[in-house]
Amino acid sequence: MNIIQSFYQVDNKTCYKINKINDNYLINYYSLLLSYITLKKLYGNVTMYCNQYAYDKILKHIPYDNIIINDLLNITTSNYYNDWALLKFEVYKLQKEPFIHVDGDVFIFRDLLSEFINGEYDAVVQSVETSPIYSKFYYANLDKLVTYNFIDLEISTKTADKYDGNIIGYNCGVVGFKNMDFLKYYTKKAQEMNMLINNKTIDSVIHAPMIYEQFVLHELLIKNNMKCHEVLPSEDVLGKGYNAAGNIHGYTHLLSGNKYVQHFVMLIREKILKDYPEYINYLNDFEETIADADIEFLGHSKINSYF
Amino acid sequence: MELIKKTILQAVTTGTTTGCTGSCRIIIPNSGATYCFKIGLTQEAIDIGFFDAYVEYGGYGYGGNDVNLSGENIIQVSVEPIGINNLL
């Protein structure tokens, strides 16, 4: 099965907001390299979809088995913060056969994907995701979600009962499809949702990518009775917490601005040097290119609780 | 902007005086005392999910930490990562 990743760099944009311009986007290299290494070790072949700028600045220093460069024009600086996740859908549209997409800040240390690869599933995701953002959005737009065929009200309500009445999404740190007809349908509906958000037909949207990527995927899967494998079982995620579930199963997803946190980046670097020394030259070559870069690592408000 | 008011006890010391027999002491204000107190500056931020709460550049770190001596302001991420122990 095709293991694919994607990384498109637009100017110097990162996934967090900051009131200054710097070169922090270059720090993505460390998580991208470890993500590639762990996938390569387990699954042998990794294809990266990117734009030329991302390749020139970062990705040429990682030995992907295949690189597909595609300069997309529909994601610009002005709409980046809401639309960056749409880039994944452009990559999905290029897929002709079953695949698994793994985010560049996800590290898989044990074989967690063979269950989906060898099993009878329509799709695979990282895990359920609980957030008040989903419920707030759902109840504020219930009539439109029915009108535009994003949900089946009865199924949706029954499913929420399983999660104490909470509306959930599916985190797409890992997402894959064997049912390519469903993928086509999901891609179309995700882009439709983005359009409805942008033209204000649908509102109460705090974070658009969570809605059009993760909420829509979950609702369409249950609405269409698709069989979905969760890499991190919901009983572990909801019972023990996300971080603990990842620790138990050998799965890391940095999420959000964590990929720019100094402590985490140093851990990644040390992990590569210690456990994957065959990649040291790639790391050294990249670090030579950023010797004069304007980089400002982030901190983490609860760093002491992790170590 | 918030106005912070706190009442603190005045530092006192003993001083000498005359007009008594033996060793006489009086309580006087300690004009040389250094008053030290720690102010924790926190910005309330609501974690709204993926775009985590952050301190605007130019703010201070979370959790009552002192501003570091250089006055450097560091943006703090608050979203919990998944499976961080796998990096150890």
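Cut-off values and rules
- Residues numbered from 1 in each chain as written.
- Chains lettered and ligands numbered in written order.
- Predicted model: local features only at pLDDT ≥ 70, side-chain atom pairs only at ≥ 80, totals over all residues.
- Heavy atoms only, no water.
- Helix = DSSP H or I, 4+ residues; strand = E, 2+ residues; numbered from the N terminus.
- Buried < 20%, exposed > 50% of the residue type's maximum accessible area, 1.4 Å probe, protein only.
- Contact = heavy atoms within 4.5 Å.
- Areas by Shrake-Rupley, 256 points an atom, 1.4 Å probe, with all protein chains shown as cover.
- Rg over C-alpha atoms; globule rule 2.2 N^0.38 Å.
- Lys, Arg positive; Asp, Glu negative; His and termini not counted.
- Charge placed at Lys NZ, Arg CZ, Asp CG, Glu CD.
- Pairing = 2+ DSSP bridges.
- Polar contact = N/O pair within 3.5 Å; in protein donor to acceptor, adjacent residues only side chain to side chain.
- Axes fitted to C-alpha atoms, helices over the stretch in contact; angles between N-to-C directions.
- Phe/Tyr/Trp six-rings, centres within 6.5 Å; stacked < 30°, edge-to-face > 60°.
- Lys NZ or Arg CZ within 6 Å of the ring centre and 35° of its normal.
- Parallel < 35°, antiparallel > 145°, perpendicular 65-115°, else oblique.
- Left-handed = near helix turned anticlockwise from the far one by under 90°.
- Disulfide = S-S within 2.5 Å.
- Core = buried A, V, L, I, M, F, W, Y, C linked by side-chain atoms within 4.5 Å.
- Nonpolar A, V, L, I, M, F, W, Y, C, P; charged D, E, K, R; others polar.

A. Region of the structure containing the overall build of chain B. The helix and strand inventory of chain B stands at zero helices and three strands. When the helices and strands of chain B are listed from N to C terminus, the series reads β-β-β. Every one of the 88 residues in chain B was classed for burial, and the buried ones make up 24%. Relative to all contacts within chain B whose residues are 6 or more apart in sequence, the contacts with residues 24 or more apart total 25%. Counting only carbon and sulfur atoms, one obtains 54% of the accessible surface of chain B, whose full area is about 6600 Å².

B. Quick peek at the overall build of chain A. A count of helices and strands for chain A gives 14 helices and ten strands. In terms of overall dimensions, chain A is globule-like: its C-alpha atoms have a radius of gyration of 19 Å, near the 19 Å expected for 307 residues. Reported as C-alpha extents along the three principal axes, the dimensions of chain A are approximately 55 × 45 × 40 Å. Every one of the 307 residues in chain A was classed for burial, and the buried ones make up 57%. Summarising the internal contacts of chain A: among those between residues at least 6 apart in sequence, 82% fall at separations of at least 24. Looking at chain A as shown, the accessible area adds up to about 12600 Å², and 48% of this sits on carbon and sulfur atoms. Seen as two clouds, the 28 positive and the 37 negative side-chain charges of chain A have centres 2 Å apart.

C. Just the pairing of strand E7 (residues 168-177) of chain A, in detail. Residues and elements named next belong to chain A. Buried residues dominate E7, accounting for ten of its ten residues. Two strands pair when backbone bridges link them, and strand E4 (residues 99-102) and E7 are joined in this way by four bridges, in the antiparallel orientation. Each residue of the ladder has a partner; that of histidine 101, found in E7, is valine 175.

D. Expanded view of the pairing of E4 of chain A. Residues and elements named next belong to chain A. Along E4, one buried face is formed by Phe99 and His101 and the opposite face, lined by Ile100 and Val102, is buried too. Relative to E4, strand E1 (residues 2-7) runs parallel, the two sharing three bridges. Bridging across to E4, asparagine 2 finds its partner in phenylalanine 99.

E. Region of the structure containing the environment of glutamine 95 of chain A. Relative to the helices and strands, glutamine 95 of chain A resides in the loop between helix H4 (86-93) and E4. A polar atom in the side chain of glutamine 95 of chain A sits 3.0 Å from the backbone oxygen of valine 91 of chain A.

F. Seen up close, the sheet that holds E4 of chain A. All names here are of chain A. The mixed open sheet is built from seven strands, whose spatial order is E3-E2-E1-E4-E7-E6-E8. The open sheet terminates on both sides in strands that have one partner only, identified here as strand E3 (66-69) and strand E8 (228-230). On average, adjacent strands in this sheet sit at an angle of 35° to one another, irrespective of strand direction. Across five bridges, the pairing between E1 and strand E2 (residues 46-50) is parallel. Along E2, the bridge assignment pairs isoleucine 4 with threonine 47. Of the strands in this sheet, E4 and E7 are in contact with helix H9 (residues 180-198), which crosses E7 at around 130°.

G. Layout of the environment of lysine 41 of chain A. All names here are of chain A. Of note, lysine 41 is situated in helix H1 (residues 28-43). Taking the C-alpha atoms as reference points, lysine 41 and aspartate 122, separated by 81 residues in sequence, lie 25 Å from one another. In contact with lysine 41, other than residues within four places in its own chain, are Tyr276 and Glu278. At a separation of 2.9 Å, a polar atom in the side chain of lysine 41 contacts the side chain of glutamate 278.

H. Expanded view of the packing of aromatic side chains. Residue and element names in this part refer to chain A. The full count for this structure, using the stated rule, is 22 aromatic pairs over all chains. Among the aromatic residues, ring-to-ring pairing joins Phe89, Tyr92, Phe99, Phe177, Phe182, Tyr185, Tyr186 and Tyr212 into one connected group. Over the ring of phenylalanine 116 we find lysine 178, and its NZ or CZ is 5.1 Å from the ring centre.

I. Inspection of the packing of H9 of chain A against helix H10 (residues 208-223) of chain A at higher detail. Residues and elements named next belong to chain A. Close contact between H9 and H10 brings their axes to 9 Å; oriented N to C, the two are set at 140°. One element, H9, and the other, H10, form an angle in the oblique class. When you trace H9 past H10, the crossing you get is right-handed. In contact with Phe182, Tyr185, Tyr186, Lys189, Ala190, Met193, Asn194 and Ile197 of H9, H10 contributes Ala208, Ile211, Tyr212, Glu213, Val216, Leu217, Leu220, Leu221 and Lys223.

J. Local environment of the state of the cysteines. Enumeration according to the criterion identifies zero disulfides over all chains in this entry. Here cysteine 228 of chain A is not cross-linked by a disulfide; its sulfur's nearest cysteine counterpart is in cysteine 172 of chain A, at 8.9 Å.

K. Region of interest: the nonpolar core. In terms of nonpolar packing, the biggest core is built from 108 residues, with Leu59, Val174, Tyr186, Met193, Phe215 and Leu217 of chain A touching the most fellow members. Every residue in contact with phenylalanine 215 of chain A, bar those within four places of it in the chain, is listed here: Tyr134, Phe137, Tyr138, Leu145, Ile151, Ile167, Ile168, Gly169 and Met210 of chain A.

L. Spotlight on the side chain of histidine 101 of chain A. Residue and element names in this part refer to chain A. Summarising the element assignment, histidine 101 is placed in strand E4. One polar contact links histidine 101 to serine 6, side chain to side chain, over a distance of 2.7 Å. Once residues lying within four places of it in the same chain are set aside, the contact partners of histidine 101 are Ile4, Gln5, Ser6, Lys88, Tyr92, Gly173, Val174, Val175 and Gly176.

M. Main features of the packing of helix H6 (residues 132-140) of chain A against H10 of chain A. Residues and elements named next belong to chain A. Interhelical geometry of H6 versus H10 gives an angle of 90° and a closest axis separation of 11 Å. Between H6 and H10, the interaxial angle falls into the category roughly perpendicular. Contacts between H6 and H10 involve Ile133, Tyr134, Phe137 and Tyr138 on the former and, on the latter, Met210, Ile211, Gln214 and Phe215. Residues of the contact of H6 with H10, tallied by class, amount to seven nonpolar, one polar and no charged.

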